[in-house]
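Here are the chains, one letter per residue:
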Amino acid sequence: MKRIFAIPVLALASFVVFLYAVLPQVSAVNRAKENFLKTEKQVNDRQKYFQDLKSSLEEISAYQDTIEKIESALPGEVFLASLIEFFNQKANNSGLILKSLAPTAGPTGYEEGNSDPIQQAKNYPAQYFIMTLNGNASSFESFLKDIETSARLVDVESISLQQQGSKEISSDINILVKVYY
């Protein structure tokens, strides 16, 4: 009879031990697994994020030359010293002499609010300059081609030629240019 009484007591005791000792350990292990999986997912997400950043950086570095060309074409501001150096270099390369370069007001008489693309281009930030060059016509033609093919965005608005003397080949050339920034 002791066995019949001992079996339910032992079963009850083992259930109590399972309930208070084993079950909390199992639930703690399950929570730890969930936290580990959640942390592992966060780490994987961060690694993917950094890999995406790295690939974006490599893509940007592939376009670095293009970005530098855009920055040189549209510097953001007009620096008179760099502009004088730019035009002086182009003039010297073409065989001309840069006599003067001065900022001026833009030409008058154009309509604002026009839907024409050429008129809209006039509304972009730009500064007008009057430039005086000295040289012959073939050098001037070379100068215009050099400016046209340069990275810097420059529009030639008007040209004025003045012959210095009847026997001299060189002449003064006044140019109104529009420099975009």
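Residues numbered from 1 in each chain as written. Predicted model: local features only at pLDDT ≥ 70, side-chain atom pairs only at ≥ 80, totals over all residues. Heavy atoms only, no water.

Engineer: Teacher, can you tell me more about the overall build of the protein chain here?
Structural biologist: Looking only at helices and strands, one finds five helices and four strands in the protein chain. In sequence order, the secondary structure elements of the protein chain are arranged as α-α-α-β-α-β-α-β-β. Buried residues in the protein chain amount to 19% of all 181 residues. The long-range share in the protein chain, meaning contacts at least 24 apart out of those at least 6 apart in sequence, stands at 71%. When the accessible surface of the protein chain is split by element, carbon and sulfur atoms take 58% of a total near 13500 Å². (Helix = DSSP H or I, 4+ residues; strand = E, 2+ residues; numbered from the N terminus. Buried < 20%, exposed > 50% of the residue type's maximum accessible area, 1.4 Å probe, protein only. Contact = heavy atoms within 4.5 Å. Areas by Shrake-Rupley, 256 points an atom, 1.4 Å probe, with all protein chains shown as cover.)

Engineer: Before we go on, may I ask you to explain the nonpolar core in this structure?
Structural biologist: Note that soluble globular proteins tend to have their nonpolar side chains buried in a common cluster. Counting 18 residues, the largest nonpolar core has F87, M131, L133, F143, I175 and V177 as its most contacted members. Setting aside its immediate chain neighbours within four residues, V177 contacts F87, Q127, Y128, F129, M131, V154, D155, V156 and E157. (Core = buried A, V, L, I, M, F, W, Y, C linked by side-chain atoms within 4.5 Å.)

Engineer: What exactly am I supposed to notice about a nonpolar patch on the surface here?
Structural biologist: Together, L12, F15, V16, F18, L19, Y20, V22, L23 and V26 give the surface a local cluster of nonpolar side chains, amounting to about 830 Å² of exposed area. Position of V22 relative to the elements: it lies in helix α1 (residues 2–62). Given a relative accessible area of 36%, V22 falls into the partly exposed group. (Patch = residues over 30% accessible without salt bridge, like charges linked within 9 Å, V, L, I, M, F, W, Y side chains within 5 Å. Salt bridge = Lys/Arg side-chain N within 4 Å of Asp/Glu carboxyl O.)

Engineer: Explanation requested: α1 in the structure shown.
Structural biologist: An α-helical turn contains 3.6 residues, so any two residues separated by three or four positions project in the same direction. For α1, spanning 61 residues, the distance from its first C-alpha to its last is 87 Å, which sits close to the expected 90 Å at 1.5 Å a residue. Along α1, the sharpest change in direction is near 35 degrees and occurs at F18. (Expected span 1.5 Å × (residues − 1). Bend = angle between axes of the 7 residues up to and from the residue.)

Engineer: Please clarify how helix α3 (residues 80–94) should be interpreted in this entry.
Structural biologist: A rise of 1.5 Å per residue sets the reference length of α3, with its 15 residues, at 21 Å; its end C-alpha atoms lie 21 Å apart and thus fit the reference within 8%. Within the span of α3, buried status applies to L83, F86, F87, K90, A91 and S94. Take α3 and look down its axis: the buried residues cluster within an arc of 125 degrees, on one side only. Pointing more than 90 degrees away from the buried face of α3 are the exposed residues A81, E85 and N93. (Arc of directions from axis to C-beta.)

Engineer: Any chance you could explain the packing of aromatic side chains here in plain terms?
Structural biologist: Aromatic rings in a pair are described by how distant their centres are and how their planes are angled relative to each other. Enumeration over the complete set of coordinates arrives at three aromatic pairs. Between the aromatic rings of F86 and F87, the centroid separation amounts to 5.2 Å while the plane-to-plane angle is 65 degrees, which identifies the pairing as edge-to-face. Between F140 and F143, the aromatic rings sit 6.4 Å apart at their centres with planes inclined by 25 degrees, giving stacked as the arrangement. Taken together, the residues span about one helical turn, with F140 and F143 both in helix α5 (residues 137–149) at a distance of three residues. The exposure class assigned to F140 is buried, which follows from its relative accessible area of 8%. (Phe/Tyr/Trp six-rings, centres within 6.5 Å; stacked < 30°, edge-to-face > 60°.)

Engineer: Is there a simple way to explain the sheet that holds strand β1 (residues 97–104) in this structure?
Structural biologist: Paired through their backbone hydrogen bonds, the strands of a sheet run either parallel or antiparallel. Spatial strand order, β1-β2-β4-β3: four strands in an open sheet with antiparallel pairing. The sheet is open, and its two borders are formed by β1 and β3 (154–163), each paired with just one other strand. Strand-to-strand twist in this sheet, taken as the mean axis angle between neighbours without regard to direction, amounts to 20 degrees. Examined bridge by bridge, strand β2 (residues 126–135) and strand β4 (residues 171–180) share 10 bridges and lie antiparallel to one another. Bridge pairing links F129 to V177 in β4. Its contacts with the sheet place α3 against β1, β2, β3 and β4, and it is angled at close to 145 degrees to β1. (Pairing = 2+ DSSP bridges. Axes fitted to C-alpha atoms, helices over the stretch in contact; angles between N-to-C directions.)

Engineer: How do you make sense of the environment of S158 when you look at a structure like this?
Structural biologist: Among the structural elements, S158 can be located in strand β3. By relative accessible area, S158 is classed as partly exposed at 36%. Sequence-wise, S158 and N174 are 16 residues apart; in three dimensions their C-alpha atoms are separated by 8.2 Å.

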